[in-house]
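Given next are the chains, with one letter for each unit.
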Amino acid sequence: MRLRYYLIYKPYQVLTQFGREGGKASLADFFDVPRDVYPVGRLDYDSEGLLILTNDKSLNHRLLNPRFAHEREYWVQVDGAVTSTALEQLQQGVRISVDGKPYHTQRCQAFFFEHEPAVPPRNPPIRFRKEIPAPWIRLILKEGKNRQVRKMTAAVGFPTLRLIRYRITAATLDGLDPGEMWELTGEEIYKLLAFKR
């Protein structure tokens with residue numbers, strides 16, 4: 001079996017799967033890959049950004065097993081003028097619900113964007129309200145619970161409006177637009193992810 005590796009930019013309102021479901025767009029509408037290639041992990045239907053597709057079971061295991069905690073960087077547009085206090089709370093960890101049970105998130109890194117990041121327009125765009133700011137923050141986590149980023153920003157009083165996964169370790173979205181894909185060699189992807197083969 002030939003091992004294949006792809007970096008893709010999953011567009012907004014696209015399921016992280018190749019199968020059809022309820023009339024929603026899926027990865028099959030944008031990406032043509034061998035049938036044994038699947039996404040590693042997931043991004044919510046209403047989130048965008050970096051996904052790795054592969055048929056390498058070893059790589060899949062290392063990326064999904066919490067024991068191999070690796071960085072994931074998210075660019076998050078939030079509703080309201082987010083405060084330094086809220087960022088500090090995010091950094092220390094906040095209480096969210098995971099599978100109906102309370103969970104305290106691990107410490108993470110949280111930063112203001114000094115300037116709005118250069119991101120592709122979203123279709124449809126977020127709802128614009130002149131009186132309410134919608135700034136961007138960077139969150140760097142080493143865990144990935146279901147809808148964690150959205151739950152975290154809501155917990156500190158600033159709901160997520162737009163969520164883009166920009167980076168997984170050293171693999172980034174740079175040079176990719178929504179619906180675009182790059183194929184990498186095993187050597188390239190393992191180097192980007194700092195994994196030994």
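Residues numbered from 1 in each chain as written. Predicted model: local features only at pLDDT ≥ 70, side-chain atom pairs only at ≥ 80, totals over all residues. Heavy atoms only, no water.

Colleague: Quick question: what am I supposed to make of helix H3 (residues 148–155) here?
Modeller: Along an α-helix, residues three or four apart share an orientation, since each turn contains 3.6 residues. All of the buried residues in H3 are Gln148, Val149, Arg150, Met152 and Thr153. Among the structural elements, strand S4 (72–78), helix H2 (84–92), strand S5 (95–98), strand S8 (136–141) and strand S9 (160–168) are those in contact with the buried residues of H3. Where H3 ends, the next residue or the one after it, glycine 157, has phi of about 95°, a positive value. (Buried < 20%, exposed > 50% of the residue type's maximum accessible area, 1.4 Å probe, protein only. Helix = DSSP H or I, 4+ residues; strand = E, 2+ residues; numbered from the N terminus. Contact = heavy atoms within 4.5 Å.)

Colleague: Would you mind going over the pairing of strand S1 (residues 5–10) with me for this structure?
Modeller: Taken residue by residue, a regular strand's side chains alternate between the two faces of the sheet. Within S1, six of the six residues are buried, which leaves it mostly tucked inside the rest of the structure. Alternating positions in S1 separate into two faces, Tyr5, Leu7 and Tyr9 on one and Tyr6, Ile8 and Lys10 on the other, with burial throughout. As judged from the four bridges shared by S1 and strand S11 (residues 181–184), these two strands associate in the antiparallel manner. Pairing of leucine 7 across the sheet is with tryptophan 182, part of S11. (Pairing = 2+ DSSP bridges.)

Colleague: Would you take a moment to explain the layout of surface pockets for this structure?
Modeller: Once rolled over the atoms, a probe with the size of a water molecule shows which space is left empty. Considering only enclosed or pocket space, the largest pocket measures out at about 630 Å³ in volume. Every residue lining the largest pocket is counted, 30 residues in all, and those nearest its centre are Arg72, Glu143, Gly144, Lys145 and Arg165. For the lining of the largest pocket, the elements supplying multiple residues, two or more each, are helix H1 (57–64), S4, H3 and S9. Examining the composition of the lining of the largest pocket, we find that three residues originate from one element, S9, more than from any other. When its residues are assigned to classes, the lining of the largest pocket shows 14 nonpolar, eight polar and eight charged. (1 Å grid on protein atoms, 1.4 Å probe; cavity = no way out; pocket = protein on both sides within 12 Å on 5 of 7 lines; lining within 4 Å. Points joined across faces, edges and corners; volume = space filled by probe spheres on them. Nonpolar A, V, L, I, M, F, W, Y, C, P; charged D, E, K, R; others polar.)

Colleague: Before we go on, may I ask you to explain the environment of glycine 23 in this structure?
Modeller: Tracing the sequence through the fold places glycine 23 in the loop between S1 and strand S2 (38–40). A sequence separation of 13 residues divides glycine 23 from aspartate 36, and the C-alpha atoms of the two residues are 23 Å apart.

Colleague: I tried to follow the nonpolar core on my own but got confused; where do I start?
Modeller: Grouped burial of nonpolar side chains is what soluble globular proteins tend to show. Leu7, Ile52, Leu59, Leu63, Ile189 and Leu193 are the most contacted members of the largest nonpolar core, which totals 21 residues. Every element with two or more residues in this core is listed here: S1, strand S3 (48–54), H1, S9 and helix H4 (186–192). Setting aside residues no more than four positions away along its own chain, leucine 59 makes contact with Tyr5, Ile52, Thr54, Ile189, Tyr190, Leu193 and Phe195. (Core = buried A, V, L, I, M, F, W, Y, C linked by side-chain atoms within 4.5 Å.)

Colleague: Explanation requested: the packing of aromatic side chains in the structure shown.
Modeller: Remark: the centre distance and the inter-plane angle together describe each pair of aromatic rings, the angle taken between the planes. In total, this model carries four aromatic pairs according to the counting rule given. Ring centres of phenylalanine 30 and phenylalanine 31 lie 6.2 Å apart, and the angle between their planes is 45°; on these two criteria the pair is classed as tilted. With a centroid separation of 4.2 Å and an interplanar angle of 15°, the aromatic rings of tryptophan 75 and tyrosine 166 are classed as stacked. On the criterion of sequence distance, the pair formed by tryptophan 75 in strand S4 and tyrosine 166 in strand S9 is long-range, its members being 91 residues apart. Linked through ring pairs, Trp75, Phe113 and Tyr166 together constitute an aromatic cluster. Taking the ring centre of tyrosine 12 as reference, the NZ or CZ of arginine 122 above it sits at 3.8 Å. Against the face of tyrosine 103 rests lysine 145, its NZ or CZ located 5.0 Å from the ring centre. (Phe/Tyr/Trp six-rings, centres within 6.5 Å; stacked < 30°, edge-to-face > 60°. Lys NZ or Arg CZ within 6 Å of the ring centre and 35° of its normal.)

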